[in-house]
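# Architecture and fold: a report
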Amino acid sequence: MRPYTLADGLPQSQVYDVVQDSVGYLWLGTQGGGLARFDGEDFKIFNENDGLTSNYIQSLLVVKDSLFIGTKKGVSILVNETITSFKGPQVHCIFNDGEQTYFGTNTGIYQLKKDATLSQLTLSKTLNDGKINDFLFDGKNYWIASKEGLFRTEFLYKRSPISQVQFGDFTSLALYKKTLFAASFNEGISLINISEEKIETIKKPQRINDIAIIENQLWVSTDNDGLTAINIETLQFEKKLGKANGLSVSHIRKSFEDRNGVIWIATSGGGFYKYFPNQFTHFDKDTGLNGNRVYATHAVENALWFSVAERGLSVIDSLGIKNIESIQGFENVKIKTLASDNFGNIWAGSDGKGLLYRETIKEQNIVVSGADISDIKVDTLVTVKTVNHLINESNGFPSNWIRQIYVESNNIWVATYADGIVKFKYNNIDETLTILNVFGKEEGIEDLLIVDLKPDNQSRIWYSTQKGHLGYIEENTVTHLGDVLNSNTSINSLLFNEDTLFLGTAGNGIWASTGFDYSKFQKLKGAKNITSQNSFQLIFDAQGNLWTGSERGIDNIIINNENEIVDVFHYGRNDGFLGIETCLNAATRDAQNNLWFGAIYGLTKYNTNQTTNQNNLKPVLRFEDIKVDYSSINTLGKWEYQNNSLQLKPEQNQISFSYRTVDLDHPKAIQYRYKLDNTEWSPWHKNNEQNLLGLAYGSHIFTAQSRDFRWQESNPISFTFTIDSPLYAKAWFQWLLIGLLLLLIFFVGYWYLKRIKRKNAAETNRLQLENHLLSLEQKALRLQMNPHFIFNVLNGIKAMGSTDMLKMNNTINSFATLLRGILNNSRKETINLETEIKTLKNYIDVELLMSQKPFIYSIDFFSEISAEEILIPPMLIQPFVENAIRHGISKQTQEGILKITFKTQDDFLHCSITDNGPGIFESQKNKKATDHQSVALDVTKERIASLSKRDTLQLKELENNGKIIGTEITFSIPLETDF
């Protein structure tokens, strides 16, 4: 029994009903304390302040996600921790047939109508005015247990014949196969075969409050005689639970089996109890011990010896618990260690009072009986006598403070608290003590605070100390290994299993070493962790499993051949180990392979041959609450669901989840993990709430999973939600923006291109106009002759008329040819080089005829291309030739020389004009240029720059020994041909 009372948080000690919901919570209805929800550890209370019609609750029923609560003043319904109440008469029972929920009250049967009002059913006058205690539907008929009798009807929701099957105050109903069990308060239990309508009666027990079918037994709750379990097939009484079994009261209201097979018992005045038949049998002060704190245990043959607090020795055997009488000189003593020799004699070591050697002497006595010689019978009678021997400082033992005892044949090894290890012999006949050796610091034990003492299979005696030192004694020689774990942590327990040494420490877990010298230790690790790093006890069971005791209970550790932990089974108070914190090295195994553990709250036996009916179901995980922007979705109003997904607004990007697995046996062992969308699972942890902030827009799936103390995993649960995108993040809006932007870019581009085109058209028109004007100007220039030159030619012709008619005719012909060529070429953009050369020759010939100083000239052409195929703008060379003749050769006293050269190279036509005048820069100082000459030269320079796309015109004076001997003008234009 595990009681839960006001001290545990229960609001009231009178519990009238208990049910379990789909999540796993237990719900308890109390008398005056309201409603309590229990998760295995804590209670959450609901009362009138939360909306209950009354704090006095008679009945509970879970229907899907709703809890119906029958109270003294009507009905309340709890959904998602929100209570809705309906005033009405006192409700004693609640029944749901799958379609409708009915309430049995002080004044008949009621149902909850759609208009949220309680409406009474009209059945019969007896039922309409009577107290209804229970309902049951057998698949065909409704059975009604009332204070006025047992009734049956085919329908509740419409009028149908009602028959009274039995008279009496019927309190509870149960159905097993075709048998209806109907319990009355004062007349036992009726067994009704619903097919044949046969009725049997079980007269006892009486004063029944409730009956329930649990594990093929009929559990009967009474108001004065506890609980009785009846075999449902044989109708034999199999079990009785009352004060002798741990119940504090005999008034039982209800028994209930949860989905894990644990039975809960609701009482009036004693709270409620957890009853879990298991492999543990617990002994404490209430069940016969003379105290609760068990310091030492030791199994001898078919008996278990143990010590309790300061009350000395006790023993459990086939006769039960026996407390050994105090021994003079060994009273009120704390016995911390027990051992036995090969004869079953007990050795006990104490705190401050030395050793007790309890010798058992068996004597055979001959008994003769008979009235005369012919009837004489001779029997042998064995009598047992106990002799107690005290060994302490008064009779020569080195210390009265004993930590551990090991009996080795005729030698006894004793580890003291601070005086080393003593090896001695004791002669029980003459009570003489012989100290063989005392092993202390001088013998090599560096730390004398010995904690444990054990032998290995090689006859070595091993010891461990409070400072974490380890050593052994072999052939009276100490080998001290020192702090083998390098932790300065107490080694509480030594345990040898074949060739492996296990060390249980204070706060550093369990370590193991395999081999002869045990020099290298490895900490026990594996798939699971032990419950506590404190190991007070170590023991192996018959199946080779390691057990350890700690301040939190005991662990059954499954290890493999490499000493790796494969599995861990923990047993605490909720699992039947009621001793809770174990005492140092108080563990033993008896002849039947049962394990015994001494603890601060009693002695516990683990029966390895007994099995339990407890179910190991997968844990169930449920969402408890979901909050958006820190407000529960149950209180935020109506939410829109589409495709089973919660739709959230763009600004609602915070969501939190609260989920829970309820394990009534191991509430603190539940672990959780979660993931969002397709991410990896989080590590397992204890937290069952997750707050997600700054979530991205779009659809998300939150998934959670739990596992219990056995690491059984629940089915994952998921919640789908969608955070709507803001307008600017919606695809259609983005495409619209992109379209508008592209349209804007198109119009801007179109406008810009149109503007550029207009600008370019205007610029083109301007350039065309300028080009046309320039062309006209060039044509005009090409048409123009130097007025002075024409004047001189005409005057010369006039003078020749009287002196030299032949020369005059030649001059007139040359001049006419020149004018005709200029007029013809001026209308063309380009002419061939051959024509240009001819025009130049005509011009030079006229200049030569008119010149007062004769000069010679030459025109040379170097190219693989014919001059007739090369194109050149007309009158391009003439201005330079004119300038060379007028300002170069004409200023020279010596014979003038004019050289004109054309050549093609690298796709360019190169031209040079060379004279032997005084130099262009000297002549510019002295010349008085006409407007025609200046403009003609400037326009020609621009034409050359335009044609070649660069400044190729070069003017330079020719020197010889520092003297100017002439001028050279060169330029180049791209080569253009007519093919």
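Residues numbered from 1 in each chain as written. Predicted model: local features only at pLDDT ≥ 70, side-chain atom pairs only at ≥ 80, totals over all residues. Heavy atoms only, no water.

Here we come to the overall build of the protein. A count of helical and extended segments in the protein gives 8 helices and 73 strands. Its C-alpha radius of gyration of 61 Å places the protein more than 25% over the 30 Å reference for a compact globule of 979 residues. In the protein, buried positions account for 49% of the 979 residues. Pairs at least 24 residues apart make up 52% of the contacts formed inside the protein by residues separated by at least 6 positions. One way to put it: in the protein the 97 positive side-chain charges average out to a point 9 Å from where the 112 negative ones average out. (Helix = DSSP H or I, 4+ residues; strand = E, 2+ residues; numbered from the N terminus. Rg over C-alpha atoms; globule rule 2.2 N^0.38 Å. Buried < 20%, exposed > 50% of the residue type's maximum accessible area, 1.4 Å probe, protein only. Contact = heavy atoms within 4.5 Å. Lys, Arg positive; Asp, Glu negative; His and termini not counted. Charge placed at Lys NZ, Arg CZ, Asp CG, Glu CD.)

Turning next to helix H6 (residues 878-887). In terms of burial, H6 is a largely internal element, 10 of the 10 residues being buried. Among the residues making up H6, those that are buried are Gln-878, Pro-879, Phe-880, Val-881, Glu-882, Asn-883, Ala-884, Ile-885, Arg-886 and His-887.

Attention now moves to the packing of helix H4 (residues 805-825) against helix H5 (residues 833-850). Here H4 crosses H5 at 145 degrees, and the two axes come no closer than 9 Å. For H4 against H5, the interelement crossing comes out left-handed. Residues Lys-807, Asn-810, Thr-811, Ser-814, Phe-815, Thr-817, Leu-818 and Asn-825 of H4 touch H5, and the partners they reach there are Thr-835, Thr-839, Asn-842, Tyr-843, Val-846, Leu-849 and Met-850. (Axes fitted to C-alpha atoms, helices over the stretch in contact; angles between N-to-C directions. Left-handed = near helix turned anticlockwise from the far one by under 90°.)

Turning to the environment of Ile-162, a few remarks are in order. By the secondary structure assignment, Ile-162 is in strand E17 (residues 162-166). We classify Ile-162 as partly exposed; its relative accessible area is 25%. The sequence separation of Ile-162 and Trp-143 amounts to 19 residues, and the corresponding C-alpha distance is 9.8 Å. Sequence-distant contacts of Ile-162, defined by excluding residues within four places in its chain, comprise Leu-123, Ser-124, Leu-127, Phe-151, Arg-152 and Thr-153.

On to the side chain of Asp-138. Its place among the elements puts Asp-138 in the loop between strand E14 (132-137) and strand E15 (142-146). No salt bridge forms around the buried Asp-138; measuring N to O, its nearest opposite-charge neighbour Arg-152 is 6.8 Å away. Of note is the side chain of Asp-138, whose polar atom sits 2.7 Å from the backbone nitrogen of Lys-140. Those residues in contact with Asp-138 that sit more than four places away from it in its chain are Trp-143, Leu-175 and Ile-194. (Salt bridge = Lys/Arg side-chain N within 4 Å of Asp/Glu carboxyl O. Polar contact = N/O pair within 3.5 Å; in protein donor to acceptor, adjacent residues only side chain to side chain.)

The next subject is the packing of aromatic side chains. Within this structure, the stated rule accounts for 49 aromatic pairs. Connected via pairs of aromatic rings, a cluster forms that spans Phe-623, Phe-657, Tyr-659, Tyr-672, Tyr-674, Phe-702, Phe-719 and Phe-721. Across from the ring centre of Trp-681, 4.4 Å away, lies the NZ or CZ of Arg-673, which sits over that ring. When the ring centre of Trp-711 is taken as origin, the NZ or CZ atom of Arg-707, which lies over that ring, is 3.9 Å away. (Phe/Tyr/Trp six-rings, centres within 6.5 Å; stacked < 30°, edge-to-face > 60°. Lys NZ or Arg CZ within 6 Å of the ring centre and 35° of its normal.)

Right, let's talk about a nonpolar patch on the surface for a bit. A cluster of nonpolar residues, Leu-727, Trp-732, Leu-736, Leu-737, Leu-740, Leu-743, Phe-746, Phe-747 and Tyr-750, forms a patch on the protein surface that exposes about 950 Å² of accessible area. When its relative accessible area of 48% is taken as the criterion, Phe-747 is described as partly exposed. (Patch = residues over 30% accessible without salt bridge, like charges linked within 9 Å, V, L, I, M, F, W, Y side chains within 5 Å. Areas by Shrake-Rupley, 256 points an atom, 1.4 Å probe, with all protein chains shown as cover.)

We now examine the domain arrangement of the protein. Domain parsing of the protein yields domain 1 (285-606), domain 2 (622-725) and domain 3 (733-775). The C-alpha centroid of domain 2 is placed 52 Å from the C-alpha centroid of domain 1. If you look at the interface, domain 1 gives 8 residues, while domain 2 gives 7 residues. Roughly 600 Å² is buried in total at the junction of domain 1 and domain 2, and carbon and sulfur atoms are behind 43% of that figure. By the criterion of area lost to domain 2, the three top residues of domain 1 are Lys-528, Asn-574 and Asp-575, representing 62% of everything that side buries. At the surface where domain 1 touches domain 2, the tally comes to 0 salt bridges. Summed over the shared surface of domain 1 and domain 2, the result is 0 residue pairs in polar contact (both at pLDDT 80 or more). The residue makeup of the side of domain 1 that touches domain 2, split by class, is 3 nonpolar, 2 polar and 3 charged. (Domains from an automatic or database assignment. Buried area = accessible area lost by both parts, 1.4 Å probe. Nonpolar A, V, L, I, M, F, W, Y, C, P; charged D, E, K, R; others polar.)

Within the open sheet, the 4 strands sit side by side as E22-E23-E24-E25. Their pairing is antiparallel. The strands lining the two open edges of the sheet, one partner per strand, are strand E22 (208-214) and strand E25 (237-241). On average, adjacent strands in this sheet sit at an angle of 20 degrees to one another, irrespective of strand direction. Where E22 and strand E23 (residues 217-222) come together, 6 bridges link them in antiparallel fashion. Bridge pairing links Ile-213 to Leu-218 in E23. (Pairing = 2+ DSSP bridges.)

Right, let's get into the nonpolar core. In this structure, Ile-844, Ile-877, Val-881, Leu-898, Phe-902 and Phe-971 are the most contacted members of the largest nonpolar core, which totals 39 residues. Not counting chain neighbours up to four residues away, the residues in contact with Phe-971 comprise Leu-876, Ile-877, Phe-880, Leu-909, His-910, Cys-911, Ile-913, Ile-944, Thr-952 and Leu-953. Judged by nonpolar contacts, the second largest core, of 30 residues, contains Ile-57, Ile-83, Phe-256 and Trp-264. (Core = buried A, V, L, I, M, F, W, Y, C linked by side-chain atoms within 4.5 Å.)

All right, on to the sheet that holds strand E27 (residues 263-267) then. Adjacent strands of a sheet pair through backbone hydrogen bonds, lying either parallel or antiparallel. Ordered in space as E1-E28-E27-E26, the 4 strands form an open sheet in which the pairing is antiparallel. Of all strands in the sheet, those bounded by a partner on one side alone are strand E1 (2-4) and strand E26 (252-257). Between one strand axis and the next, the sheet turns through 20 degrees on average, direction left out of account. Bridging between E1 and strand E28 (residues 272-275) involves 3 bridges; their strand directions are antiparallel.

A few words on the UniProt feature "transmembrane region" (unreviewed entry) in the protein. Under the local residue numbering, the UniProt record ascribes the feature "transmembrane region" (unreviewed entry) to residues 732-753. In this annotation, residues 732-753 is assigned 100% helix and 0% strand; the end-to-end C-alpha distance for the span is 30 Å. (UniProt positions renumbered as here; feature names shortened; annotations may be inferred.)

A separate point is a positive patch on the surface. The grouping of Lys-754, Arg-755, Arg-758 and Lys-759 at the surface amounts to a positive patch. Mapped onto the elements of the fold, Arg-758 is located in helix H2 (residues 731-783). For Arg-758, a relative accessible area of 47% corresponds to the partly exposed category.

This part takes up the pattern of salt bridges. One pass over the full model with this rule turns up 18 salt bridges. Residue Glu-81 is joined to Arg-37 by a salt bridge in which the shortest nitrogen-to-oxygen separation is 3.1 Å. With a gap of 44 residues between them, Glu-81 in the loop between strand E8 (74-79) and strand E9 (82-87) and Arg-37 in strand E4 (residues 35-38) connect regions that are remote in the sequence. Overall, Glu-81 belongs to the partly exposed group, its relative accessible area being 40%. A salt bridge links Lys-147 to Asp-169; the nearest nitrogen and oxygen atoms lie 3.7 Å apart.

Turning to the side chain of Thr-30, a few remarks are in order. Following the sequence through the fold, Thr-30 ends up in strand E3 (residues 26-30). Residue Thr-30 is classed as buried on the basis of its relative accessible area, which comes to 0%.

It is worth spelling out the pairing of E15 at this point. With respect to burial, E15 is a largely interior element, 5 of its 5 residues being buried. Residues Tyr-142, Ile-144 and Ser-146 point to one face of E15 and Trp-143 and Ala-145 to the other, with burial holding for every one of them. In terms of strand pairing, E14 meets E15 through 5 bridges, oriented antiparallel. Bridging from a neighbouring strand, Ile-132 pairs with Ser-146 of E15. Following E14, the chain reverses through 4 residues before pairing antiparallel with E15; Gly-139 in that reversal takes a positive phi of roughly 105 degrees. Pairing of E15 with strand E16 (residues 149-153) involves 5 bridges; the strand directions are antiparallel.

This paragraph deals with the environment of Asp-225. Take Asp-225: it is sitting in the loop between E23 and strand E24 (227-231). Judged by relative accessible area, which is 36%, Asp-225 ranks as partly exposed. A sequence separation of 355 residues divides Asp-225 from Ile-580, and the C-alpha atoms of the two residues are 30 Å apart. Excluding residues that lie within four positions of it along the chain, Asp-225 makes contacts with Lys-240, Leu-241 and Ser-250.

Next up on the list: unusual backbone geometry. Put simply, Lys-204 and Pro-205 share a cis peptide bond, and its omega is 0 degrees. As for its position among the elements, Pro-205 is in the loop between strand E21 (199-202) and E22. In this structure, Met-875 is a non-glycine residue whose phi angle is positive, near 55 degrees. With respect to the secondary-structure elements, Met-875 resides in the loop between strand E68 (870-872) and H6. Residue classification places Met-875 among the buried residues on the basis of a relative accessible area of 7%.

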